[in-house]
Amino acid sequence: MPGLAGAGGLVALLTDFGTADIYVGVMKGVVAEIAPGAAVTDLSHEIPAQDVRAAASALLFSYRYFPAGTVFCCVVDPGVGTARRAVAVELGRPAGDRAAIRRDSVTVVCPDNGLLTPLLEQGAGATRAVVLDDPAYHLARASATFHGRDIFAPVAAHLAAGVELTDLGSTCDPDGLARLPWPRPQSDGDGWTAEVIHVDRFGNLITNLPGTDLAKPFDTWRVTLGERSVTGVRATFGEVAVGEPVAYVGSSGYLEVAVRQGSAAREWPAGRGSLLRVERARG
């Protein structure tokens with residue numbers, strides 16, 4: 001399908017493809033052919049292979065910092081070529097997010113495999129959704145193993161070029177989109193049991209406990225994992241000595257644990273799925 005000269009939008013790519021192979025570059029080429037005026041940015045291509053939950057966390061932590069109207073093309077797709085659906089989902093954004101530039105929503109193009117779970121449950125939710133079953137907006141002779149190139153990138157490009165969401169396929173009920181089991185922090189009145197949902201490259205432990213759930217005074221909260229603990233929720237790493245653990249509300253807006261100039265994941269030790277107790281220090 002010929003490109004739409006002058007048509008522009010923003011496409012953000014999130015994949016587990018890495019950068020050693022041609023896959024990401026080919027997807028960018030497809031977008032450029034269809035929507036030469038669109039900008040393309042790389043959110044990440046280092047999601048662990050086939051790790052849909054990690055992709056879901058990455059999208060949750062990042063989507064609200066993009067302009068309204070952004071098209072997220074997310075391809076972490078262990079079910080490629082099977083009966084799993086390909087979808088495009090329009091998502092609202094919580095009140096207080098950045099002012100809309102084009103409209104008050106973003107659109108995610110992705111496999112229907114649960115990748116959208118935290119956005120559907122913790123964001124403003126889906127406003128519209130379609131199954132990508134109109135081949136007019138795919139590449140001809142789509143392969144069974146590279147839907148990133150043949151379906152998702154073309155659809156994202158058409159959206160960025162101004163094609164209406166409902167032209168891309170059959171309307172579907174957002175409530176019927178696939179869900180992953182997604183951990184929520186558990187409160188018992190005395191504190192919280194939080195779960196590590198992401199470990200970044202620095203070894204920082206990012207939990208599922210929103211910082212807004214922690215009442216003042218912050219310096220009396222104690223975070224415990226097994227025999228390890230740290231007291232006080234700080235503003236930044238520099239408030240503790242090098243090599244010391246620190247709990248803080250990170251840029252994600254969620255409670256995190258780090259070791260200054262070290263790795264909490266290695267030194268506590270902990271990883272995704274680890275449970276932390278968050279409660280007021282006694283004595």
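Scroll up for the structure.
Residues numbered from 1 in each chain as written. Predicted model: local features only at pLDDT ≥ 70, side-chain atom pairs only at ≥ 80, totals over all residues. Heavy atoms only, no water.

J.: Talk me through the overall build of the chain; I want residue IDs and the actual numbers.
T.: A tally of helices and strands in the chain yields five helices and 16 strands. The globule rule puts the C-alpha radius of gyration for 283 residues at 19 Å, and the 21 Å found for the chain is close to it. Seen through its principal axes, the chain has C-alpha atoms that stretch 70 × 40 × 35 Å. In the chain, the proportion of contacts linking residues at least 24 apart, taken out of those at least 6 apart, comes to 71%. Accessible area of the chain: about 12700 Å², with a carbon and sulfur share of 51%. Between the mean site of the 25 positive side-chain charges and the mean site of the 31 negative ones, the chain shows a separation of 4 Å. (Helix = DSSP H or I, 4+ residues; strand = E, 2+ residues; numbered from the N terminus. Rg over C-alpha atoms; globule rule 2.2 N^0.38 Å. Contact = heavy atoms within 4.5 Å. Areas by Shrake-Rupley, 256 points an atom, 1.4 Å probe, with all protein chains shown as cover. Lys, Arg positive; Asp, Glu negative; His and termini not counted. Charge placed at Lys NZ, Arg CZ, Asp CG, Glu CD.)

J.: Give me the state of the cysteines: which residues, what numbers.
T.: This model, assessed by the stated rule, comprises zero disulfides. Cysteine Cys172 shares no disulfide, and the gap to the nearest cysteine sulfur, in Cys110, comes to 10 Å. What makes Cys172 buried here is its relative accessible area of 12%. (Disulfide = S-S within 2.5 Å. Buried < 20%, exposed > 50% of the residue type's maximum accessible area, 1.4 Å probe, protein only.)

J.: Lay out the pattern of salt bridges in plain terms, naming residues and giving numbers.
T.: Applying the stated rule across the entire model yields 13 salt bridges. Ionic pairing is found between Arg272 and Asp51, a salt bridge with its closest N-O pair at 3.0 Å. Residue Arg272 is found in the loop between helix H5 (264-267) and strand E16 (275-280), and its partner Asp51 is found in the loop between strand E2 (39-44) and helix H2 (52-62); the two are separated by 221 residues along the sequence. According to the relative accessible area criterion, Asp51 is buried, its value standing at 14%. A salt bridge links Arg184 to Glu121, with the shortest nitrogen-to-oxygen separation between them at 3.9 Å. (Salt bridge = Lys/Arg side-chain N within 4 Å of Asp/Glu carboxyl O.)

J.: Which residues make up the side chain of Ser252, and what values go with them?
T.: Relative to the elements of secondary structure, Ser252 occurs in the loop between strand E14 (245-249) and strand E15 (254-259). For Ser252, a relative accessible area of 15% translates into the label buried. Here the side chain of Ser252 touches Tyr254 through a polar contact of 3.2 Å, landing on its backbone nitrogen. Sequence-distant contacts of Ser252, that is, excluding residues within four places in its chain, are made with Phe61 and Ile206. (Polar contact = N/O pair within 3.5 Å; in protein donor to acceptor, adjacent residues only side chain to side chain.)

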